[in-house]
Amino acid sequence: RRYLSVAQSYSTLGLDASETTEKINAALESSAKVEVLSKVDSSKYAKASAYFSFANYAILACVITIICLIMSSFNRMEIRKRNLVSSVAISMMNRILLRNSCLYVFGVWLMYMIFGYFMAGGDVLFSNYGILFAVNSFIFCIVATTIAYLISQLVHGRNAVNGIMNVVALGSSFLCGAFVPLEFLPESVKFIAHALPSFYYIDSNYKIKALEGFSLGEMAPVLINMGIMPGFAILFVILASIIAKKKQRVA
C-alpha cells in the first residue's frame, strides 16, 4: 500500500520509468525520526487551570461583598465619630480591620482549595503544578482583600455594595479571560486588561498549565505575574489610607 501511494505521488512528475523507480526506492528506504519535545500532558492540568481562572469571579464576589458590608457598619457617621474619640488611633484601627479581613479571606481561599481537590483531583492539586496554582490564588486573594478595603472607603451605603461588586467582579472576569480563554480575546481587550490585577492572576494560570519544567527560566513569566499582583495590593492600600485620612479630617 505504501509503495502504491509513493508511486502515485511520483507519477505526476513526468519522469521516465527508471527515474520513477529509483526515486520510489529511495523514498521507501528513508525514514523520518519523530521526537516528542513536550513531555507534559497539559490537558491533565487544563481542568485545574479553568477552575482557578473561573475562581477570579467567585473570590472577588465573596471578598468584596462580605468585607464591604462589614466595613459599611464602621463607616456609619455615629460609629465613626465614636471611634475617632477613642484611645485607639484611626490608623491602628484600620490595620486591625485589614488584618481581620485577611483572616476571613484565608478561610475563603482554604474553601476554594478544598473545592479544587474535588474538581481538579488530588493528584493535580498536590503536584508542583497544583502548588503553583494554590500560591497564585493565595496572592490574588490578598489583592482581592485590598480591593474590597479600597471600595469600602469609597462606598458607604449597603445597597451600593452589590452594584460595585458586580461591576468589579464581572467586569474583570470578562475582560481578563475568566469566562472566555485569553487566546480568544481581541488584542485591544487584552491591552486594557493589563491594567487589572485579575489579568496577571488568570494569565499565570494559563502559563502554569503550559509549563514544561520548573527551572527558573521556565517559571520566569509566572513569577513575574506573581510579583506584579502584590504591587497592585500595595497601591490599593495606599489609596485606601489616603481616603481614610481625608475622611477623618472631614469628620
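Cut-offs used in this document
- Residues numbered from 1 in each chain as written.
- Predicted model: local features only at pLDDT ≥ 70, side-chain atom pairs only at ≥ 80, totals over all residues.
- Heavy atoms only, no water.
- Helix = DSSP H or I, 4+ residues; strand = E, 2+ residues; numbered from the N terminus.
- Expected span 1.5 Å × (residues − 1).
- Buried < 20%, exposed > 50% of the residue type's maximum accessible area, 1.4 Å probe, protein only.
- Core = buried A, V, L, I, M, F, W, Y, C linked by side-chain atoms within 4.5 Å.
- Contact = heavy atoms within 4.5 Å.
- Salt bridge = Lys/Arg side-chain N within 4 Å of Asp/Glu carboxyl O.
- Patch = residues over 30% accessible without salt bridge, like charges linked within 9 Å, V, L, I, M, F, W, Y side chains within 5 Å.
- Areas by Shrake-Rupley, 256 points an atom, 1.4 Å probe, with all protein chains shown as cover.
- Polar contact = N/O pair within 3.5 Å; in protein donor to acceptor, adjacent residues only side chain to side chain.

J.: Can you walk me through helix H7 (residues 128-154) in this structure?
T.: Residues three or four positions apart in an α-helix share a direction because the helix packs 3.6 residues into each turn. Between its first and last C-alpha atoms H7 spans 40 Å; for 27 residues at 1.5 Å apiece the expected length is 39 Å, and the two agree. With 21 of 27 residues buried, H7 is to be regarded as a mostly interior element.

J.: Whenever I open this one, the nonpolar core confuses me. Can you help?
T.: With 62 residues, the main nonpolar core has Ile-59 and Ile-64 as its most contacted residues. Where this core is concerned, the elements lending two or more residues are helix H3 (43-74), helix H5 (90-120), helix H6 (122-125), H7, helix H8 (159-176), helix H10 (197-209) and helix H11 (216-250). When neighbours within four sequence positions are excluded, Ile-59 is seen to be in contact with Tyr-112, Phe-140, Cys-141 and Ala-144.

J.: Please clarify how the pattern of salt bridges should be interpreted in this entry.
T.: Counting across every chain of the model gives two salt bridges. Note that Glu-187 is salt-bridged to Lys-190, the shortest N-O span being 3.2 Å. Remark: Lys-190 and Glu-187 occur in helix H9 (residues 187-193); sequence separation between them is three residues, near one turn of the helix. Residue class for Glu-187 comes out exposed when judged on its relative accessible area of 59%. Relative accessible area serves as the criterion here: at 17%, Lys-190 is assigned to the buried category.

J.: Help me out: how do you make sense of H10 in this one?
T.: The end-to-end C-alpha distance of H10, which contains 13 residues, comes to 19 Å, matching closely the 18 Å that a straight helix rising 1.5 Å per residue would cover. The element H10 is largely enclosed, with a buried count of 11 among its 13 residues. Those residues of H10 that fall on the buried side of the exposure criterion are Pro-197, Ser-198, Phe-199, Tyr-200, Tyr-201, Ile-202, Asp-203, Ser-204, Asn-205, Tyr-206 and Ile-208.

J.: Honestly, a nonpolar patch on the surface in this entry has me stumped. Any pointers?
T.: Taken together, the side chains of Phe-106, Leu-110, Met-111, Ile-114, Phe-115, Tyr-117, Phe-118, Met-119, Phe-126, Phe-138 and Ile-142 make up a nonpolar region of the molecular surface, amounting to roughly 1100 Å² of accessible area. Those elements that place two or more of their residues in the nonpolar patch are H5 and H7. Ranked by residue count, the leading element in the nonpolar patch is H5, at eight residues. Mapped onto the fold, Phe-106 is located in helix H5.

J.: Got a minute to help me understand the side chain of Ser-137 in this structure?
T.: For Ser-137, the position within the fold is in helix H7. There is a polar contact of 3.0 Å between the side chain of Ser-137 and the side chain of Trp-109. For Ser-137, the contacting residues outside a window of four places in its chain are Phe-52, Trp-109, Met-113 and Tyr-201.

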